[in-house]
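Each chain, letter by letter, is given below.
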Amino acid sequence: MCDFYAPILASNGVYKYYIDGEWKESASGKSVAISNPSTRETAYQVQACTQDEVNKMFASAKVAQKAWARTPLYKRAEVLHKVASLMRENAQPIADCLVKEVAKPTKDSLTEVIRSADLIDYTAEEAVRYLGEGQLLNSDSFPGNARNKLCLVSKVPLGVVLAIPPFNYPVNLAVSKLAPALMAGNAVVLKPPTQGAVAGIHMVQCFHAAGLPAGLLSVATGRGAEIGDFLTTHPDVNCISFTGGDTGIAIAKKAGMVPLQMELGGKDVCIVCEDADLDLAAKHIIKGGFSYSGQRCTAVKLVLVHAAVADRLVAAVAAGVAKLSVGRPEDDADITPVVSDSSANFIEGLAMDAKAKGAKFVNGEWRREGNLIWPLLLDNVTADMRLAWEEPFGPVLPVMRVGSVDEAVAHCNKSKYGLQGCVFTRDINAAIRISDAMETGTVQVNSAPARGPDHFPFQGFRDSGIGSQGIRNSLAMMVKTKSTVINLDKESYTMG
Ligand SMILES: NC(=O)c1ccc[n+]([C@@H]2O[C@H](COP(=O)([O-])OP(=O)(O)OC[C@H]3O[C@@H](n4cnc5c(N)ncnc54)[C@H](O)[C@@H]3O)[C@@H](O)[C@H]2O)c1
């Protein structure tokens, strides 16, 4: 281990947790093992933090936040820019953790870290402008009022933000919360996902080394199922920013009266119209459906193709699927093991349910070794199959043939999810009509669903989320509005 990251590892090989500007071993004496999805052997261990340690994190966060909120915005930005450059300089060890913890291919792992550094820089730049602006309102625009009150509207921090990212982008989806929260003058308690915790710990060392004041950021490691409720219902939480699956719905039901930023699951459909450029659609469906083995919230999770062009589209997608390499993340294979045994079992269950109900496996039989699942294209999927509705989060892509675009849109809108969707057509008028009809947070025209560039608004409807992300929108979610009303002794326009 290089000197830069040396402080994060205890002598017994367990990664430390972070509190009050220090890396520490938990008093619990217990650790949580993180399994490498490729070898299914323990790759790392992290501390199992106690409730008492979590209480101390919130206590120091509250104190540190008060001073940070009084730190000039440009100085907060300086710290964040320093974090970003340290992340770039020390990117490789973080990327190596992603390969081992979540089986992300090597190139994509490094891309995630660099993209995260870019996101921090952009957020710092955006924040100094956006948070520097307020509003001045005059009272006389509302009936019955003279111009004798001036309202100064500003943006103030929320307090302590609890940030909970998911396993699939444990670095990027942590900084997308941390950077806006900190720029807006908040403190953060970060609970990283179990798979991805060590990448998160490395990333936090960049914040530490950049000189972030002690207490402003803490890292609580431990199983979500064990310390999760304690964290999310903690009385000192002033905002929960969560990305993950249906767990978020349970959290939203239990959380107190605090703002919630929820980025949850998706079942992104890809509607392919009769007039679509089928080669273009196939190319995007393969990339959208199988990148990072389908473990992306914005993966294409159901193709709804017009029956008139379905044979040609399925053949083109199948040809692309046949070219995907399957193997180890270290070798940069296209398809790598999914995150856990339970995830692989769940995916297998969905595929078998579809097969039993008559779906066709287009490119050969089901094949799985451990957590490694060979990419599977399923044709003739119907609405009675689980795959028509559930999110596989794996390299399994169902195709449903539809008789009309209306039928496709109706299926999309019946889903409990509403994250993104896409439509392939050569007719821009039709594309806009379809986009307007699709009840999803984003519709991509002639491209697969995707998050980013990271300053684009990103949001889910229905069970896919609460609130809108994207750098400016995330900043907006990390502040509350404050008004100061100046009451004049008489109307301000009486002079002269
Ligand atoms: N909408 C988006 O932007 C977006 C982005 C990425 C992933 N996702 C979704 O995330 C899911 C995959 O990620 P995952 O498997 O890590 O999701 P998950 O819901 O299982 O876990 C997410 C996080 O919650 C924690 N957690 C678990 N139980 C908890 C509890 N009781 N209290 C508090 N925290 C708890 C986990 O440790 C993890 O950090 C998919 O459904 C995917 O669609 C959504």
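The following paragraphs examine the structure supplied in this document. Computed from a predicted model, the values in this text were never measured in an experiment.

Scoring rules and cut-offs
Residues numbered from 1 in each chain as written. Predicted model: local features only at pLDDT ≥ 70, side-chain atom pairs only at ≥ 80, totals over all residues. Heavy atoms only, no water. 1 Å grid on protein atoms, 1.4 Å probe; cavity = no way out; pocket = protein on both sides within 12 Å on 5 of 7 lines; lining within 4 Å. Points joined across faces, edges and corners; volume = space filled by probe spheres on them. Helix = DSSP H or I, 4+ residues; strand = E, 2+ residues; numbered from the N terminus. Domains from an automatic or database assignment. Near = heavy atom within 4 Å. Polar contact = N/O pair within 3.5 Å; in protein donor to acceptor, adjacent residues only side chain to side chain. Areas by Shrake-Rupley, 256 points an atom, 1.4 Å probe, with all protein chains shown as cover. Sits in = over half its atoms within 2 Å of the grid points. Nonpolar A, V, L, I, M, F, W, Y, C, P; charged D, E, K, R; others polar. Buried < 20%, exposed > 50% of the residue type's maximum accessible area, 1.4 Å probe, protein only. Right-handed = clockwise from strand over helix to strand, strands pointing away. Pairing = 2+ DSSP bridges.

## Description of empty space enclosed by the protein
Working step 1: Per the stated rule, a full pass over the model turns up four cavities of 30 Å³ or more.
Working step 2: The computed volume of the largest cavity comes to approximately 140 Å³.
Working step 3: Along its surface, the largest cavity is lined by 19 residues, and S176, R451, Q469, G470 and S474 are the ones closest to its centre.
Working step 4: When contributions to the lining of the largest cavity are tallied by element, the ones reaching two or more residues are α4 (106-130), α5 (172-183), β11 (260-263) and α14 (471-477).
Working step 5: Here the lining of the largest cavity gets four residues from one element, more than from any other, and that element is α5.
Working step 6: Two domains each provide a minimum of three residues to the lining of the largest cavity, namely domain 1 (3-264 + 464-481) and domain 2 (269-457).

## With respect to the site of the ligand
Working step 1: Neighbouring the ligand are 30 residues, the closest being P165, G245, T247, L264 and E391.
Working step 2: A distance of 2.7 Å is found between a nitrogen atom of the ligand and a backbone nitrogen or oxygen belonging to L264.
Working step 3: Here the ligand loses 85% of its free accessible area of 850 Å² to cover by the protein chains.
Working step 4: Taken atom by atom, the bulk of the ligand overlaps the largest pocket.
Working step 5: With five residues, the single largest contributor to the shell around the ligand is helix α7 (residues 224-232).
Working step 6: The residue inventory of the shell around the ligand, partitioned by class, reads 15 nonpolar, ten polar and five charged.
Working step 7: Residues from two domains meet in the shell around the ligand; each of domain 1 (3-264 + 464-481) and domain 2 (269-457) gives at least three.

## Here's the deal with the pairing of strand β7 (residues 160-164)
Working step 1: For β7, a buried count of five out of five residues is recorded, marking the element as mostly surrounded by other parts of the structure.
Working step 2: Along β7, one buried face is formed by V160, L162 and I164 and the opposite face, lined by V161 and A163, is buried too.
Working step 3: Handedness of the β-α-β unit built from β7, α5 and strand β8 (residues 187-190) comes out right-handed.
Working step 4: The sheet contact formed by β7 and strand β10 (residues 239-243) spans four bridges and is parallel. What sits directly across from V161, in β10, is C239.

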